[in-house]
Amino acid sequence: MTDLLASTTAPFVSTVVEERRVVTAIPGPKSLELHERRLAVVPPGVSSMLPVYIEKAHGAIVVDVDGNQFIDLGAGIGVTTIGHTNDAVVAAATEQLRNVTHTLFTITPYESYVRVAELLAEHTPGDHAKRTVLVNSGAEAVENGVKIARKHTGRNGVAVLEHAYHGRTNLTMAMNFKASPYSTGFGPFAGDIYRAPSSYPFHDGLSGADAAKKTIAHLEKTVGASDLACLIVEPIQGEGGFMVPAAGYLPALQQWCTENGIVFIADEIQSGMARTGKYWASEHLDVVPDMILSAKGIAGGLPLAGVTGRAEIMDSAQPGGLGGTFGGNPVSAAAAVAVFEQIEANGLLAEGERIGKTLTTALLDLQKRYPVIGDVRGIGAMVAIELVRPGTTEPDAASVTFLADYAAKNGVLLLTAGTYGNVLRFLPSLAISDELLLEALGVLADGFAAL
Ligand SMILES: *Cc1c(COP(=O)(O)O)cnc(C)c1O
């Protein structure tokens, strides 16, 4: 009875019924009207995959302004990993909103930032001493990771991989593999970025050891290990198309980094935070990164990102050298603490495994019927299919566009990916039931039949 403010809030109860429901054409009339307004004031550079305007969401369902309900297989690109408007996250964020929304951690700090850093230290691979910096976005985490690695090593070179995606800021544009749409016309770009071949088993057929040899040989020739501050990898590549590297690839890269004083950074912004059935994809792939970058899923839909690394590396940045006005915002940090608590209390890592099994079984079955599915890959709730001309590895992007559109029109949000736009990716929230998931996959199967 001491917290009078809290006692005035009724507990949050979502009114969203967890079912698919299509009641208008997609997009519906209200969405079309909003889209007109948007086109007058928002530039086309900020495009939307599907101009359906969302009013509310809960669990694995999003509801648009026309009352259509979609089964969400994208979770805002792997952000609402524990479900839209998760009750505990909403409660924690609401309480924090009423207590304090901003002080600026670098002026006067607060506990939730520290708690998130403790949780990240506890739940990232390796039992070495760790430190965490909180920032606002994935790209900002990448920027800070690079900054710290450079300061620590006194070197400039940054190694990245083919098919990588790291963000839309100036430095991260230079680190992305794909120029269009991310960087075309937006130069000049940051220098000292070196790109090496990655492991892409469906296309290169190489063992992890051979793919790593190729990556390392390329970097040794084009820059030289002694000039590299860091190698940054997505353990499972996200925008590139959910490529799981061949076994042994990442450990070989890590070993080479360690031997040469190069900071080994895992960009787990998409693959991390319970997406794959473990907290981090690195754990499946047998690496203990020197630094882990997190963002997307860590705060249940609120903006937050983290750079978590070995203490001796992180401590090399001078006081005042790291931070930013909104970094580690109290509301986002409170939400992140609730996300960790939910994962632990509700055994959500096991949900990732369940979803992975359901997805993979259904998609392998579809592959038997539709040879346009060249590859089914992924771990946990991070699975993709790559569409090709049957019997080849030549990309079939047109079918991907057709299927995503077919799914949307039938109440399923399905995201595309891939350097060649020929990948459909599944990253549903861990809250999705097998029943809803199978219903969505049924819609996809109808889409394949209609191809
Ligand atoms: C989304 C993403 C980023 C960029 O994160 P933003 O929050 O959009 O800046 C970086 N790396 C990976 C692997 C991502 O998936």
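Residues numbered from 1 in each chain as written. Predicted model: local features only at pLDDT ≥ 70, side-chain atom pairs only at ≥ 80, totals over all residues. Heavy atoms only, no water.

Looking at an unreviewed UniProt entry, the protein chain carries the name (S)-3-amino-2-methylpropionate transaminase, with the source organism given as Conyzicola nivalis. Of the comments in the UniProt record for the protein chain, the one headed Cofactor (unreviewed entry) reads "pyridoxal 5'-phosphate". The protein chain has a UniProt comment under Sequence similarities (unreviewed entry) that states "Belongs to the class-III pyridoxal-phosphate-dependent aminotransferase family." (UniProt positions renumbered as here; feature names shortened; annotations may be inferred.)

(A) Here's a closer look at the pairing of strand S5 (residues 157–161). Within S5, five of the five residues are buried, leaving the element largely enclosed by the surrounding structure. Side chains Gly-157, Ala-159 and Leu-161 project from S5 onto one buried face, and the interleaved Val-158 and Val-160 project onto a second face that is buried too. Where S5 and strand S7 (residues 228–233) come together, three bridges link them in parallel fashion. Paired with Ala-159 across the strands is Leu-231, a residue of S7. (Buried < 20%, exposed > 50% of the residue type's maximum accessible area, 1.4 Å probe, protein only. Helix = DSSP H or I, 4+ residues; strand = E, 2+ residues; numbered from the N terminus. Pairing = 2+ DSSP bridges.)

(B) How the structure looks around the pattern of salt bridges. All told, the structure shown has 14 salt bridges when counted by the stated rule. Here Asp-315 makes a salt bridge to Arg-131, at a shortest N to O gap of 2.9 Å. Here Asp-315 is found in the loop between helix H12 (311–314) and helix H13 (330–345), whereas its partner Arg-131 is found in strand S4 (residues 130–135), with 184 residues between them in sequence. Via salt bridges that share partners, Glu-351, Arg-354 and Asp-434 belong to a single interconnected network. (Salt bridge = Lys/Arg side-chain N within 4 Å of Asp/Glu carboxyl O.)

(C) Geometry of the side chain of Ser-429. With respect to the helices and strands, the residue Ser-429 is situated in the loop between strand S15 (423–426) and helix H16 (434–450). From its side chain, Ser-429 meets the backbone nitrogen of Ala-431 in a polar contact 3.0 Å long. Beyond its immediate stretch of four places on either side in the chain, Ser-429 contacts Gly-59, Ala-60, Asp-72, Ala-75, Thr-80, Thr-81, Ile-82, Gly-83, Arg-275 and Ile-355. (Polar contact = N/O pair within 3.5 Å; in protein donor to acceptor, adjacent residues only side chain to side chain. Contact = heavy atoms within 4.5 Å.)

(D) Main features of the pairing of strand S3 (residues 69–72). Of the two faces of S3, the one lined by Gln-69 and Ile-71 and the one lined by Phe-70 and Asp-72 are each fully buried. For strand S2 (residues 61–64) and S3, the ladder comprises three bridges, and the chain directions are antiparallel. Pairing of Val-62 across the sheet is with Phe-70, part of S3. Between S2 and S3, which pair antiparallel in sequence order, lie four residues; one of them, Gly-67, sits at a positive phi of approximately 90 degrees. By the bridge criterion, two bridges tie S3 to strand S13 (residues 412–413) in an arrangement that is parallel. In the strand pairing of S13, Ile-71 is matched with Val-412.

(E) Region of the structure containing the site of the ligand. All residues in the neighbourhood of the ligand are listed as Ser-137, Gly-138, Ala-139, Tyr-165, His-166, Glu-234, Asp-267, Ile-269, Gln-270 and Lys-296. Between an oxygen atom of the ligand and a main-chain N or O atom of Ala-139, the distance comes to 2.7 Å. Taking Gln-270, its side chain carries an N or O atom lying 2.8 Å from an oxygen atom of the ligand. Protein contacts shield 83% of the accessible area of the ligand, which totals 380 Å² for the unbound molecule. Within the shell around the ligand, the residues separate by chemical class into three nonpolar, four polar and three charged. (Near = heavy atom within 4 Å. Areas by Shrake-Rupley, 256 points an atom, 1.4 Å probe, with all protein chains shown as cover. Nonpolar A, V, L, I, M, F, W, Y, C, P; charged D, E, K, R; others polar.)

(F) Highlighting the sheet that holds S7. Taken in spatial order, the seven strands line up as S4-S10-S9-S8-S7-S5-S6 in an open sheet, and their pairing is mixed. Every interior strand has two partners, whereas the edge strands, S4 and strand S6 (193–196), have only one. On average, adjacent strands in this sheet sit at an angle of 20 degrees to one another, irrespective of strand direction. Strand direction decides the pairing type here: S5 and S6, joined by four bridges, are parallel. Bridge assignment links Val-160 to a residue of S6, and that residue is Arg-195. Across the sheet, helix H5 (residues 111–123) is in contact with S4, strand S9 (291–294) and strand S10 (305–310); its angle to S4 comes to roughly 130 degrees. Across the sheet, helix H9 (residues 208–222) lies against S5, S6 and S7, angled at about 145 degrees from S6, the strand it touches most. (Axes fitted to C-alpha atoms, helices over the stretch in contact; angles between N-to-C directions.)

(G) The arrangement of helix H2 (residues 29–41) in detail. Look at H2: 19 Å from first C-alpha to last across 13 residues, which is about the 18 Å you get at 1.5 Å a residue. Within H2, the full set of buried residues consists of Ser-31, His-35 and Arg-38. Each buried residue of H2 lies within a common arc of 65 degrees when the element is viewed along its axis, so the set occupies one face. Exposed residues on H2 whose side chains face more than 90 degrees from its buried face are Pro-29, Lys-30, Glu-33, Glu-36, Arg-37, Ala-40 and Val-41. Along its buried surface, H2 packs onto S2. (Expected span 1.5 Å × (residues − 1). Arc of directions from axis to C-beta.)

(H) Structural detail: the packing of H9 against helix H10 (residues 249–259). Running from N to C, H9 and H10 cross one another at 35 degrees; their axes reach a closest spacing of 8 Å. Helix-helix and strand crossings are classified by hand; for H9 and H10 the assignment is right-handed. Between H9, through Gly-208, Ala-211, Ala-212, Thr-215, Ile-216, Leu-219 and Glu-220, and H10, the contact on the second element is made entirely by Tyr-249, Ala-252, Leu-253 and Trp-256. Looking at the contact of H9 with H10, its residues break down into eight nonpolar, two polar and one charged. (Left-handed = near helix turned anticlockwise from the far one by under 90°.)

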